[in-house]
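Breakdown of the fold
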Amino acid sequence: MMLAKDYFNAETLLLGTWLSKSWDKMYMLSSISPIELGIPVRNVFVDTTLENTARLHINLREQRVMPTIRQLYDMLRMSREAVLTILKQYIKTDEVIDAIERLRFLDLEKLASQIIWLTNVLELKVTSIDLVEDLETGQPQFIGIYIEDCDWDEWKILSRTVKRQLVSEGFSDVAGRVAIVCKQALKIQRG
């Protein structure tokens, strides 16, 4: 019985290269390098048959490592300046940030984490964030995150998906206090 090592020149294999199990007399050699957030990942595979015929397959499709809201939150907890910088891009006045903090309505780090996730992972166009109050009592009801380019149907799906993600990552408080609002949907009649 011949071994897979007989079909490869061991000197050409680099560290971090592995040989798969045989499936129908086919072996897959994969080279995996360490990845960092935001860096495109490229995979290189070499298929080799036992007849010593090699084919090189390169997957050039860029793949992104998708951070979770929890991972973003863990990173942001260490830098209040970063949180305020992110939020000030979307909140018009410092009074809104102060009110959210003073009333202990929501953790600012959690809100900033959700904003980063919405804009960078889901690639939504967040235009603004505001504290929405009850007209009769003046009490805060929820934090509205206003986005562009979605209709009523997209809004419904998006809202459910984001809330489900927040709850699954342990952010039920955020799911209950933050609402995504599709601005274009409000301008058209619901059908």
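Below: a short report on this structure.

1. What to know about the side chain of Gln-114
Structurally, the position occupied by Gln-114 is in helix α4 (residues 108–121). Not counting residues up to four positions away in its chain, the partners in contact with Gln-114 are Ile-69, Ile-145, Val-162, Leu-166, Val-174 and Val-178.

2. Remarks on the packing of helix α2 (residues 80–88) against helix α3 (residues 94–102)
Relative to each other, α2 and α3 sit at 125 degrees, their axes nearing to 10 Å. Between α2 and α3, the angle is such that the two are oblique. Crossing angle aside, the handedness with which α2 passes α3 is right-handed. Contacts between α2 and α3 involve Arg-80, Leu-84, Leu-87 and Lys-88 on the former and, on the latter, Asp-94, Ile-97 and Glu-101. When the residues that make up the contact of α2 with α3 are grouped by side-chain class, the tally is three nonpolar, no polar and four charged.

3. Re the packing of aromatic side chains
Inspection of the entire model under this criterion finds two aromatic pairs. Judged by centre distance (5.6 Å) and plane angle (80 degrees), the rings of Tyr-73 and Phe-171 are edge-to-face. Separated by 98 residues along the polypeptide, Tyr-73 in helix α1 (residues 69–76) and Phe-171 in the loop between α5 (152–168) and α6 (172–177) bring together distant segments of the chain. For the residue pair Tyr-73 and Phe-171, the accessibility class agrees, reading buried in each case. Sitting over the face of the ring of Phe-105, Arg-177 holds its NZ or CZ atom 4.4 Å from the ring centroid.

4. A closer look at the state of the cysteines
Counting across every chain of the model gives one disulfide. The partner cysteine of Cys-150 in its disulfide is Cys-182, sulfur to sulfur 1.9 Å. When the S-S torsion is -130 degrees, as for the bridge of Cys-150 with Cys-182, the disulfide is left-handed. Here Cys-150, found in the loop between β6 (140–147) and α5, pairs with Cys-182, found in strand β7 (residues 178–182); they are 32 residues apart in sequence, far enough to count as distant.

5. Side note on unusual backbone geometry
Within the chain, Glu-123 stands out as a residue other than glycine whose phi angle is a positive 55 degrees. By the element assignment, Glu-123 lies in the loop between α4 and β5 (126–133). Glu-123 sits in the exposed class, given a relative accessible area of 54%. For Asp-149, which is not a glycine, the phi torsion comes out positive at approximately 60 degrees. Structurally, the position occupied by Asp-149 is in the loop between β6 and α5.

6. Describing the packing of α4 against α5
Look at α4 against α5: their axes get within 13 Å of each other, and the N-to-C directions meet at 130 degrees. In this view, α4 runs oblique relative to α5, as classed from their interaxial angle. α5 is crossed by α4, and the crossing has right-handed handedness. Two secondary-structure elements touch here, α4 through Gln-114, Trp-117 and Leu-118 and α5 through Val-162, Gln-165 and Leu-166. Within the contact of α4 with α5, the residues separate by chemical class into four nonpolar, two polar and no charged.

Quick notes on the rules
Residues numbered from 1 in each chain as written. Predicted model: local features only at pLDDT ≥ 70, side-chain atom pairs only at ≥ 80, totals over all residues. Heavy atoms only, no water. Helix = DSSP H or I, 4+ residues; strand = E, 2+ residues; numbered from the N terminus. Contact = heavy atoms within 4.5 Å. Axes fitted to C-alpha atoms, helices over the stretch in contact; angles between N-to-C directions. Parallel < 35°, antiparallel > 145°, perpendicular 65-115°, else oblique. Left-handed = near helix turned anticlockwise from the far one by under 90°. Nonpolar A, V, L, I, M, F, W, Y, C, P; charged D, E, K, R; others polar. Phe/Tyr/Trp six-rings, centres within 6.5 Å; stacked < 30°, edge-to-face > 60°. Buried < 20%, exposed > 50% of the residue type's maximum accessible area, 1.4 Å probe, protein only. Lys NZ or Arg CZ within 6 Å of the ring centre and 35° of its normal. Disulfide = S-S within 2.5 Å.

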